[in-house]
Amino acid sequence: MPRELDPTINEKSFILDALNQKLRIDGRDLDVFRELELSFGDDYGLADVRLGKTRVLARVSAEVVKPFTDRPFEGIFTITTELGPMASPAFEPGRQTEQEVLLSRLIEKAIRRSNALDTESLCIVAGQKCWQIRADVHFLSHDGALVDASCIAVVAALQHFRRPDVSIEGEKVTIHTMTERVPVPLSILHVPICVTFSFYLDGEVCLVDATLQEEQLRQGDMTITLNKFGELCQIAKAGGLAINALILLRCAKIALVKAGEIAAIVQRRLEEDAAVRVRRDNLLESKADNERA
Amino acid sequence: MADGSAQYTDGPTTLLASINGPIEVKPRDEIPLEAFLEITIRPSAGVTSVREKHLEALLRSAVSPLIIRTINPRTLFQITLQIIQHEQVSAAHALHTLLASAIVVVVLALVDAGVPMKGMLAAAFVEGADGSAAHVFGYAITGGGGREGGGPKEGLVFVESDGVFDEKGFVEASEVGRKKCLEVGELMKGWVREKIGRDMKYRLK
Amino acid sequence: MSLAVHFPGETLPPLEEDEKKNTTFKVGPGLTHILPSTLIVNRAGELNIDQRKHTIWMESNGKRYVASQNDTIIATVLRSTSDSYICAIPSSNSPVSSTSQAVLPHLAFPQATKKTRPMLHQGSVVFARISLANKHIDPELECYDADSGKAEGFGELKGGFVFGVSLGMARRLLGDAKKTRLLRVKQRRAEAERRGEEYQDAGADMSSGKEVLEELGQNLSFELAVGRNGRVWVHSGDPKTTLCVMRCIQQSEFLTGKEQRQLAKEALKALGQ
């Protein structure tokens, strides 16, 4: 497996010098995200997030399974993340690296453990049948900020997803196809957004949405997950540079603003997509009418 | 950032292929006189299963003869195919519709990456008249020409069939497949021309 | 502008007699030679023939560099052994290097002896020439001019910033496009004469592809080194200038000459020049 090249001495000292003067290589201000592009697939529950050159795809799918015996009233929600060679040739398929473990834990804590998805609403028959919601995260291109991008992708895909409707008559459970009955959206309790900060020059400089090159040179990083109401879900800081409380508070304030902005973009794109779908469905219906006539 | 990539949508199927190479190869996979070809297919939902492995094997038999591997010995060509969306409903021939699109997108990505190739392949999925058989045809869309008689020559180089069919059905399907392949081939050539046009745009005043 | 694009697998028509002129042609990248004289395209692109240098090759853009003898490249030092530096040859923006390892002997510097050799560390950037490249063995590098034995700009690149561009862009920055442009104009003139028409220069194809550099060079002072492996080194006293040069070059990839000048002018204005 080819090893990833480390940044050269020149790149390292130049980037740090520039940061000292509050300059970033791509010309952004220190606390500015790259342009966020979000698009949805034809299917429900497919979200494609681009953050600069980083591209992450999240796909949500559902199937009916038996619930865990210790949690008979709850559905199952899993998130899988795997860094494959598509993100970078240096990633080997099938072997988990430390980076990958950290990444999947972070996403897990940010979305699943923060109860973004109401798992109780996924129960069909207690102890017998429930929905298993699966979110597969695919990293298509890696230029830093994988945590932030995949979190956006997953929450967008969850909100976009529709599961087939279910009706229960006595013991009999009927799962209606998408054409039979209008599929139902998932019950989302809140929308967590991750904002990762990278620290340089002993904490003097902190960046949001670092590129791959910037990530390679950072002394430490910290991810704050919160929703637009300012409810903090997690602060994750796995080692690295020690930072003082004032910086942490400043980061949290920035994170709140960013989370609001990002959640608004996601919301806007969801509405735009819904509008397009309604228009298309109406068109299809009118077509079908004509054929019948 | 990959060395070459292509995204292809055919009806309900969307695939993304990326190519890296020639790059450093793991000592275990090193071949003294040839480049090693690594093909990975990743499903859109769930983990890699037998289905993807089967598709990998079929895809390998279609594209590996296209790649001239002796030019870069002891290196690695890494082909990764991500299924972004694919119609799950008609499960009967799902693998075959996927295979046809996979060949097209991988060939385009290989051309984009500038991997040395013996030719370009266009592929099409054809369903038998009663829906019981599925065929994938691959036609070489470039080649021939030169001294022998000018103009690119086409030729059937890849067939993968499944289901019940007789000789007549196969011949009929292959005729449909040929037409489809040539259509797809023209599209593919158009995309490559577009790409090269973009690369050479600097020449305009 | 119409591009004559050739696709992999196409057999080239035999060269015209006046093109051949009884000389031996060197077959360059993108073509497979089958004895005695058949050429098959193996990479999509545009056919280029240089009669003066007797070379024939496919011109196309890409991102993956394959070592070729006498190319000048920008390499990164990985580590040092008892008698040489082991270097990586990065390609464009790719996170992994092209070949496994390239060898830069300690004595492959101008007037180097065991004691006076330059000390390079892990992560140092060197501008070097590939002295030996063969598909079966790791490439070897040299940091002096083959003719004069002097440094001539080769050696460690100190300070500044290194970034990636496509291989085609790197060649353009090195002035290759200017040469191939003359070739194409000549080719077109010959074709027109064959048809018995007067050749008229339509003005297309007149860009050198590095107008951005010409424009920047007139107004800013900076040092630049371009490697054929798609790496560019820029150095100037001010990080702002360096970044401005970098961004202009990276954004010029798919721009015409006129657009490149426009881009550079706007960037200069923003820089306050």
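Residues numbered from 1 in each chain as written. Chains lettered and ligands numbered in written order. Predicted model: local features only at pLDDT ≥ 70, side-chain atom pairs only at ≥ 80, totals over all residues.

J.: So what's going on with the overall build of chain B? Which residues, and what values?
T.: A count of helical and extended segments in chain B gives 3 helices and 7 strands. Reading the secondary structure of chain B in the N-to-C direction produces β-β-β-α-β-α-β-β-β-α. Its C-alpha atoms give chain B a radius of gyration of 18 Å, near enough to 17 Å, the size a compact globule of 205 residues would have. Seen along its three principal axes, the alpha-carbon backbone of chain B occupies a region of about 50 × 45 × 35 Å. Relative to its full complement of 205 residues, chain B shows a buried share of 49%. Of the contacts made within chain B by residues no fewer than 6 positions apart, 72% connect residues no fewer than 24 positions apart. (Helix = DSSP H or I, 4+ residues; strand = E, 2+ residues; numbered from the N terminus. Rg over C-alpha atoms; globule rule 2.2 N^0.38 Å. Buried ≥ 20, exposed ≤ 12 C-beta atoms within 10 Å, placed from the backbone. Contact = placed C-beta atoms within 7 Å.)

J.: How would you summarise the overall build of chain C if you had to cite specific residues and measurements?
T.: Broken down by element type, chain C carries 6 helices and 15 strands. By its C-alpha atoms, chain C is 65 × 50 × 35 Å across when sized along the principal axes. Here chain C holds 273 residues, and 41% of them are scored as buried. Taking all contacts inside chain C whose residues are at least 6 apart in sequence as the whole, residues at least 24 apart take part in 66%.

J.: Residue-level account of the sheet that holds strand β7 (residues 155-163) of chain B, with values.
T.: Residues and elements named next belong to chain B. Reading across from one edge, β5-β6-β7 is the order of the 3 strands in this open sheet, with antiparallel pairing throughout. The open sheet has two edge strands with one neighbour each: β5 (121-127) and β7. Direction aside, the axes of adjacent strands within the sheet are offset by 15° on average. Direction of pairing for strand β6 (residues 133-140) relative to β7: antiparallel, over a ladder of 8 bridges. By the bridge assignment for β7, Ala 134 is matched with Asp 162. Each of β5 and β6 is contacted by helix α3 (residues 167-199), which is oriented at about 140° to β5, the strand it contacts most. (Pairing = 2+ DSSP bridges. Axes fitted to C-alpha atoms, helices over the stretch in contact; angles between N-to-C directions.)

J.: Break down the interface of chain A and chain B for me, with residues and values.
T.: With 20 residues of chain A at the interface, the matching set in chain B holds 18 residues. Listing elements by their share of the side of chain A that touches chain B, those giving two or more residues are β3 (54-65) and β6 (129-141) of chain A. By residue number, the principal contributor to the side of chain A that touches chain B is β6(A), which donates 5 residues. By residue class, the composition of the side of chain A that touches chain B is 9 nonpolar, 5 polar and 6 charged. (Nonpolar A, V, L, I, M, F, W, Y, C, P; charged D, E, K, R; others polar.)

J.: Tell me what's going on with the domain arrangement of chain C, and back it up with residues and numbers.
T.: Taken as a whole, chain C is organised into domain 1 (1-60), domain 2 (72-158) and domain 3 (160-273). Relative placement of domain 1 of chain C and domain 2 of chain C: their C-alpha centres are 32 Å apart. (Domains from an automatic or database assignment.)

J.: An account of helix α5 (residues 239-251) of chain C is requested, with residue identities and associated values reported.
T.: All names here are of chain C. Between its first and last C-alpha atoms α5 spans 18 Å; for 13 residues at 1.5 Å apiece the expected length is 18 Å, and the two agree. The set of residues buried in α5 consists of Thr 242, Leu 243, Cys 244, Val 245, Met 246, Cys 248 and Ile 249. Where the residues of α5 are buried, they touch β13 (161-164), α4 (211-219), β15 (231-235) and α6 (257-271). (Expected span 1.5 Å × (residues − 1).)

J.: Residues and numbers for the sheet that holds strand β1 (residues 4-10) of chain B, please.
T.: All names here are of chain B. Spatially, β1-β2-β4-β3 is the arrangement adopted by the 4 strands of the open sheet, whose pairing is mixed. A strand with exactly one partner marks an edge of an open sheet, and here the two such strands are β1 and β3 (36-42). On average, adjacent strands in this sheet sit at an angle of 15° to one another, irrespective of strand direction. Where strand β2 (residues 13-23) lies against strand β4 (residues 76-85), 8 bridges are found, and the strand directions are antiparallel.

J.: For the confidence of the model for chain B, give the residues involved together with the corresponding values.
T.: Here chain B averages 88 in pLDDT, while 91% of its residues score no lower than 70. A low-confidence stretch, residues 145-152 of chain B (pLDDT under 50), is modelled with 16 contacts involving residues beyond four sequence positions or located in other chains. (pLDDT = per-residue confidence, 0-100.)

J.: So what's going on with the interface of chain C and chain B? Which residues, and what values?
T.: Contacts between the two partners involve 45 residues from chain C and, on the opposite side, 39 residues from chain B. Residue assignment for the side of chain C that touches chain B shows that the elements contributing at least two residues are β5 (45-50), α2 (167-173) and α6 of chain C. The class makeup of the residues in the side of chain C that touches chain B is 15 nonpolar, 21 polar and 9 charged.

J.: Can you tell me about the nonpolar core, naming the residues and giving the values?
T.: Among soluble globular proteins, nonpolar side chains are generally buried collectively. Grouped together as the largest cluster of nonpolar side chains are 198 residues, with contacts concentrated most on A:Ala153, A:Val154, B:Ile103 and B:Val106. Here this core gets 14 residues from one element, more than from any other, and that element is helix α2 (residues 94-113) of chain B. Leaving out residues up to four positions away in the same chain, A:Val154 has contacts with A:Ala58, A:Ile79, A:Ile107, A:Ile111, A:Ala135 and A:Val137. (Core = buried A, V, L, I, M, F, W, Y, C linked by C-beta atoms within 7 Å.)

J.: Describe the environment of B:Lys53, with residues and values.
T.: Locating B:Lys53 in the fold gives a position in helix α1 (residues 50-63). Considered as a pair, B:Lys53 and B:Arg42 are 11 residues apart in the sequence and their alpha carbons are 9.5 Å apart.

J.: Residues and numbers for the packing of α2(B) against α3(B), please.
T.: All names here are of chain B. Axis separation between α2 and α3 bottoms out at 11 Å; the angle between their running directions is 25°. By the angle between their directions, the pair α2 and α3 is classed as roughly parallel. The interaxial crossing formed by α2 with α3 has right-handed handedness. Along the contact surface, α2 presents Val 104, Leu 108, Val 111 and Asp 112, while α3 presents Val 184, Met 188, Trp 191, Val 192 and Lys 195. In terms of residue class, the contact of α2 with α3 is built from 7 nonpolar, no polar and 2 charged. (Parallel < 35°, antiparallel > 145°, perpendicular 65-115°, else oblique. Left-handed = near helix turned anticlockwise from the far one by under 90°.)

J.: So, the UniProt feature "domain: K Homology" (unreviewed entry) in chain C: which residues are in play, and what are the values?
T.: Per the UniProt record, "domain: K Homology" (unreviewed entry) is found at residues 211-239 of chain C. For residues 211-239 of chain C, the helix share is 34%, the strand share is 34%, and the end-to-end C-alpha distance is 22 Å. (UniProt positions renumbered as here; feature names shortened; annotations may be inferred.)

J.: Tell me about the UniProt feature "domain: Exosome complex exonuclease Rrp40 N-terminal" (unreviewed entry) in chain C, and please be specific about residues and values.
T.: Mapped onto the present numbering, the UniProt feature "domain: Exosome complex exonuclease Rrp40 N-terminal" (unreviewed entry) falls on residues 26-64 of chain C. This span, residues 26-64 of chain C, is 0% helix and 54% strand, and a straight line between its end C-alpha atoms measures 22 Å.

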